[in-house]
Amino acid sequence: MKKLLHQIKYVAVALLCFSSLLAEAQTNVVTGVVTSAEDGESIPGASILIEGTSRGVVTDIDGNYSIEAASDEVLVISFLGFVSQRIEIGSRTTIDVSMPLDAVSLEEVVVVGYGTVRKSDLSGSVSSVKSEELMAYPVLSAVQGLQGRAAGVQIQSNNGGQPGADFNIKIRGGTSINASSDPLRVVDGFVGAEMPPAEDIASVEILKDASATAIYGSRGANGVIMITTKKGQSGKVKIDFNSSYSVQETTNRRDVLGGQDFANYMSEFGDYTYLGSDTDWQDEIYRSGFISNNQLSLSGGADNVKFYISGTYFDQEGILIGSEYKRYSLNSNVQINASNWLDVGLSVYGRRSENIGVRTQESTGGTGNAGIIGSALRFNPDLGIYDADGNYTTSQVGDEIDNPVAMGSDYDRERITDRFQANTFLDFKLTEWLKFKTTLGVGVTDWREGEYWPTTLIKGNNTNGLATIESRKQSSLLNENYFTINKEIGPHRITWVNGYSFQKEVRESATMSSQNFITDSGRFWALAQGGSPNTPTSELRENILKSYYSRANYSFLDRYVLTFTARYDGASNFAENNKWAFFPSGAVAWDVKGESFMSDVDFLNQLKLRASYGLTGNQAIDPYQSLAELSPTYSINPGQNALRVGRLANPDLTWETTTQFDIGLDVGLINGRVNISADYYSKETADLLFERELPKYGGVATQLQNIGRVSNKGVELMLSTKNLVGDLKWESDFIISSNKNEVLELPDSTELYGNSPGHMLLPDDTQLLAEGQPVGVFYGYVYDGIYQNGDAFVPGSGFEQAAGGEKFADISGPDGVADGELTADDRRIIGSPHPDFTWSFNNTLSYKNFDLNIFLHGVHGNEMVSFTQMELETLSGKSNASTAALDRWTASNPNTDVPAASSTRLYRMSSRFIYDASFIRLKNIALGYNFPKPILERLNLRSLRVYASAQNLLTITDYPGLDPEVGYGNSGSGSDGNRNVGVDYASYPNVKTFTFGINLGL
């Protein structure tokens, strides 16, 4: 029996060993590589898990993996941003996996202030702009690429197509009058940073309502532009090269009189002899411009270190002689996973720009002060470029002005700007649900501009050479510290941010000038050679902003969302007892589609309601405005300086506050093929930071006070559709928005101001601030045609009373009733610069490897005053005139609407020179080809795309000027940018551009 038991034992052991060997024989080592289905690149760090077990591995830096698995087991491969794959092993030992992008997960996260939120948890009004939209065509800056891409955002160049021109941005209208209405820009968390080139930007989010912007408190009243730059990814190093070359031409030219017609016109003012030439000055100053834009980037990394570095060279030669712009920039990001509880990051951006400028949009075009555009339109066409002695000719009628070629060739202005900014962060993972992040950002901008008027120009000849050099330095230091709680408890999810911010800005400037030079050769670098130095000026300004902020975002059942935000700001700009202010906001969102009663509504995949209300502030004024100021003035004693009272103290100066209500709707139809987002908003800004006029006997003209109210109300609609989804794909984005601006309260009900060129001697009351009207409406006389023989003339001092003269409507006297006489009481509001609505329509079509983009942009219902047109068509013999003068009234040509030539006619603001500035523009059309994968593999390339495009190819407008999309005197960040809207004078014209480019990936 004992022997039998031993035999059974041996047999059992043998069976056990056999079964183990059998089991081992059925387990294989499975290997493979995991790649992206979009570009074929390997995916390092992807998770490979045996389904139903805890056994798993991750892919290495090249996307390779190796795992032991039985034939009847299943692999589950997952990675953030890609659709997870489930693969049965069977008898295979090599399994390569191609993972498609997960569009839903990629869109789930939206960048907001101090973090991100799931798109489903978003309760505020936020517009997103994709990287490829910013790069649709070569742009001077990423701001230009945003034009027409987001509802409620108006972007306009301050000076047409001038190389290096800045842009005026308004989000949901201008919230202020004298303080800045510019939105806040945040780059990778650095508040107030400069936007890098479009090629380095991954995405842009535009925060519009109070719920989205209140986390920035006193800086969020004008909206916030959040920029996320490109980052490196683990894996092989990627090299991308983007290059384009563009040729530019003018979109339009003005029709002015030629040499003989000009002589005939001038003969009506007295004896004038034709000077023998027929010079088209526009031909002489315009040329074919070009843009060369080149960018090279490298990105990659391992599991713990990721990097992105990019260099860009932008070179533009403008369409006007003498105008050029160059930009060199370097952008880099490094992210280090130092441990499982600490991440470290560093972003560095550096840029140098060189702007060689011409004189346009001159504030006065009087003797020796005309710019190149103004001079080209006004100058004698019967003169040549040079006189008999080889010197530049000067005008023979009106003000003595330089000829346009001289202004383009000899006038010397050069601006060099250096920008450096660096932002570093430490991100601590304290627990699974609690993080702490601290950031330190430093930004420095050095700006130097030199200007020289040589003796070959009138102004330089009168001063024996005039040189000016100005330098500015602006530095910013920012420190942010905040805790973030992310917690999920069953159906509850909360994200709570609490932090403290400190920012200090310092601005320095100095200006020096001299005249009476022995030679022109030293330009503005030889001030010591000037025999008559002028009084130098210098300035130092500092301001500090401290803030405490909190935002809680709560979601229940992924359907009900509540957001509460609060920020407590203290700004050194304000009076001692008014530096601090509290800015709260709240928002709710309801995902109606998630309710059970909507489960059978198959055509809807999203139905979300949003509402928000909150307060934001504005402290964008210069420092020390609450303090009294002493300003320099002339002394009665030669050689001595004197001071006078320049500003009165205001101990009550405090914040401008904007209250905003927003209600929105997000709808998704037909499995996401149709998406609609609509918003209605109402904003009211109270306690305006307003420059109030003071009684003239006080010796100080104005004082900044908190007085007045302005409102902006509007609607926004965005419709995104996937019209075709087969081999031929067609996607469209249609955006339309309308904003109504209104002045609700002013200290004195109305205020007149002007923005006309000084040499035209118009009274300073061409524009108006009035309760019940938009900011900056045009104010003047109502033009009523021209007088004919036999008409009854309306008397009035300075007004014409002869056949062929300008006729104006007699509307009212001092008591509001027409009194039979033309006086200042007959002036009325004669136009508004604000559009009724703006829209854009972007279409992208693709078939196999070809793609076509067509982008249209329109602005409607706005009016513009053209001082250029006024100067050319007043017909007073002070300059050349437009070809309308050929149809001027004469005794033999009475049936016309163009008045007679008259040397006594004054420049007068009237409805005659107010024009409809609506336009529809083909902003971009581009055709591209992506080389197929087999060709790329043979060339050892990751990607290759070539394209051709055209910008501003077609513009439909009734505006008679060079272009309706220009602005005169609106470049300031304060009152200039807010009030001077819809004005045109001697502006640099917009351009049409033809571009050829290549995108190469290695």
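Residues numbered from 1 in each chain as written. Predicted model: local features only at pLDDT ≥ 70, side-chain atom pairs only at ≥ 80, totals over all residues. Heavy atoms only, no water.

A. Expanded view of unusual backbone geometry. Phi is positive for Asn-516, which is not a glycine, with a value near 65 degrees. Relative to the assigned elements, Asn-516 resides in strand S25 (residues 492-517). Backbone geometry places Asn-952, a non-glycine residue, at a positive phi of 55 degrees. Turning to its location among the elements, Asn-952 is positioned in strand S50 (residues 943-957). Overall, Asn-952 belongs to the buried group, its relative accessible area being 10%. (Helix = DSSP H or I, 4+ residues; strand = E, 2+ residues; numbered from the N terminus. Buried < 20%, exposed > 50% of the residue type's maximum accessible area, 1.4 Å probe, protein only.)

B. Region of interest: the confidence of the model for the protein. Across the protein, the average pLDDT comes to 90, with 96% of residues at 70 or higher. Here residues 1-25 is a poorly scored stretch, pLDDT under 50, and it has zero contacts once near neighbours within four places are set aside; other chains count. (pLDDT = per-residue confidence, 0-100. Contact = heavy atoms within 4.5 Å.)

C. View of the sheet that holds strand S14 (residues 190-191). Read from one edge to the other, the open sheet built from five strands follows the order S10-S15-S16-S13-S14, with strand pairing classed as mixed. Of all strands in the sheet, those bounded by a partner on one side alone are strand S10 (126-130) and S14. When strand S13 (residues 184-187) meets strand S16 (residues 224-229), the two strands line up parallel, connected through four bridges. Bridge pairing links Leu-184 to Val-224 in S16. (Pairing = 2+ DSSP bridges.)

D. Expanded view of the packing of aromatic side chains. Applying the stated rule across the entire model yields 33 aromatic pairs. Taking the centre distance of 5.2 Å and the plane angle of 25 degrees together, the rings of Tyr-313 and Tyr-328 count as stacked. Taken together, the positions of Tyr-313 in strand S19 (residues 305-317) and Tyr-328 in strand S20 (residues 324-339) put the pair 15 residues apart, joining distant regions of the chain. Judged by its relative accessible area of 28%, Tyr-313 falls in the partly exposed class. With a relative accessible area of 33%, Tyr-328 lands in the partly exposed category. On the basis of an interplanar angle of 25 degrees and a centroid distance of 6.2 Å, the ring pair of Phe-556 and Tyr-560 is categorised as stacked. According to the relative accessible area criterion, Tyr-560 is partly exposed, its value standing at 31%. Each member of the aromatic cluster is reached from another via a ring pair, and the members are Tyr-114, Tyr-216, Tyr-482 and Tyr-549. (Phe/Tyr/Trp six-rings, centres within 6.5 Å; stacked < 30°, edge-to-face > 60°.)

E. Broad picture of helix H6 (residues 259-266). Buried within H6 are the following residues: Gly-259, Phe-262, Ala-263, Tyr-265 and Met-266. Considered in projection along H6, the buried side chains sweep an arc of 160 degrees and stay on one side of the axis. (Arc of directions from axis to C-beta.)

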